[in-house]
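A look at the structure
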Amino acid sequence: MALVRAGLVVLDCAEPEKLAAFYKELLDAEETDATANRVEIQGACGTRMAFRRDVNETPPSWPRPENSLQAHLDFYVDDLDEAERRIVSLGGRPVDTKEPAGPFEERGYSDPAGHSFTLRREHPTAPKQG
C-alpha cells in the first residue's frame, strides 16, 4: 500500500463559500465537506478541490510577470466557446485569448478570486499550417 495517496487541489481565498460555488457550477460538482474555513467539492468526473479561508490571501496577478503564478489548473473541454460563455456567466474572466502555438487549442481564465486556469480542447487539433 502506498505511503502517500493522491489528495486534492486546495486554493486559498478570502471567501471559500463563493469560490466553491463557482467551481461547483463549472465542474457539475457536489459539496463533500464544509467547515467554517474550508469547503471541499468533487466534480462529476472525479476532480476533487478544496477552498481554504485565508483573510490575508493576495490573488495571483498572472499573466503579469512581476508576481509568481502560485498555482495553475487545467480543465479539458470539447467546446471552448461554450465553456467560455459558462465561465463568464459564473463570474470568471478571460485573461489569455491569443491563439496558442502548438497542437492544442487552449484559453486562459481567472476565477472570481483571481486564480488562473486553462481550458484545453479534449482532442488535439492539427497544427496550423503557414
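Here the structure is shown first, and the text comes after it.
Summary of the structure given here. (Residues numbered from 1 in each chain as written. Predicted model: local features only at pLDDT ≥ 70, side-chain atom pairs only at ≥ 80, totals over all residues. Heavy atoms only, no water.)

**Observations concerning unusual backbone geometry**
Note the following rule: Numbering goes from the N terminus for both helices and strands, where a helix is a DSSP run of H or I of at least four residues and a strand is a run of E of at least two.
Despite not being glycine, Asp 28 has its phi angle at roughly 50°, a positive value. Of note, Asp 28 is situated in the loop between α1 (16–27) and β2 (30–34).

**Quick look at the nonpolar core**
Our working definition: We define a nonpolar core as any set of buried Ala, Val, Leu, Ile, Met, Phe, Trp, Tyr and Cys residues linked to one another through side-chain atoms lying within 4.5 Å. Think of it in three bands: residues with accessible area under 20% of the maximum for their type are buried, residues over 50% are exposed, and the middle band is partly exposed, with areas taken using a 1.4 Å probe on protein chains only. What makes two residues a contact is simply this: any of their non-hydrogen atoms within 4.5 Å.
Grouped together as the largest cluster of nonpolar side chains are 21 residues, with contacts concentrated most on Tyr 23, Met 49, Phe 51, Phe 75, Phe 117 and Leu 119. Among the secondary structure elements, those contributing two or more residues to this core are β1 (9–13), α1, β3 (38–42), β4 (48–53), β5 (73–77), α2 (80–89) and β8 (116–121). In terms of residues, this core owes the most to one element, α1, which gives 5 residues. Excluding residues within four positions of it along the chain, Phe 51 makes contact with Leu 11, Cys 13, Pro 16, Leu 19, Ala 20, Tyr 23, Asn 37, Arg 38, Val 39 and Ile 41.

**Observations concerning the sheet that holds β3**
What counts here: Two strands form a pair only when DSSP identifies at least two bridges running between them. Note on geometry: axes are lines fitted to C-alpha atoms, helical ones only across the stretch in contact, with angles between N-to-C directions running from 0 to 180 degrees.
Overall, mixed pairing links the 4 strands, which are arranged β1-β4-β3-β2 in an open sheet. The open sheet has two edge strands, β1 and β2, and neither has a second partner. Each adjacent strand pair in this sheet contributes to an overall mean axis angle of 25°, direction not counted. Across the sheet, α1 lies against β1, β2, β3 and β4, angled at about 165° from β4, the strand it touches most.

**Concerning α1**
For the record, the criterion: A helix is expected to span 1.5 Å multiplied by its residue count minus one. As used here, the arc is the angular range of directions from the helix axis to the C-beta atoms.
The terminal C-alpha atoms of α1 lie 16 Å apart, and with 12 residues this matches the ideal 16 Å at 1.5 Å per residue to within 8%. Residues of α1 that are buried: Pro 16, Leu 19, Ala 20, Phe 22, Tyr 23 and Leu 27. Taken down its axis, α1 places every buried residue within 155° of arc, on the same side. At its buried positions, α1 is contacted by β1, β3, β4, β5, α2 and β8. Positive phi appears at Asp 28, one or two residues downstream of α1, with a value of about 50°.

So, to be careful, I would describe these as geometric facts and stop short of saying anything about function.
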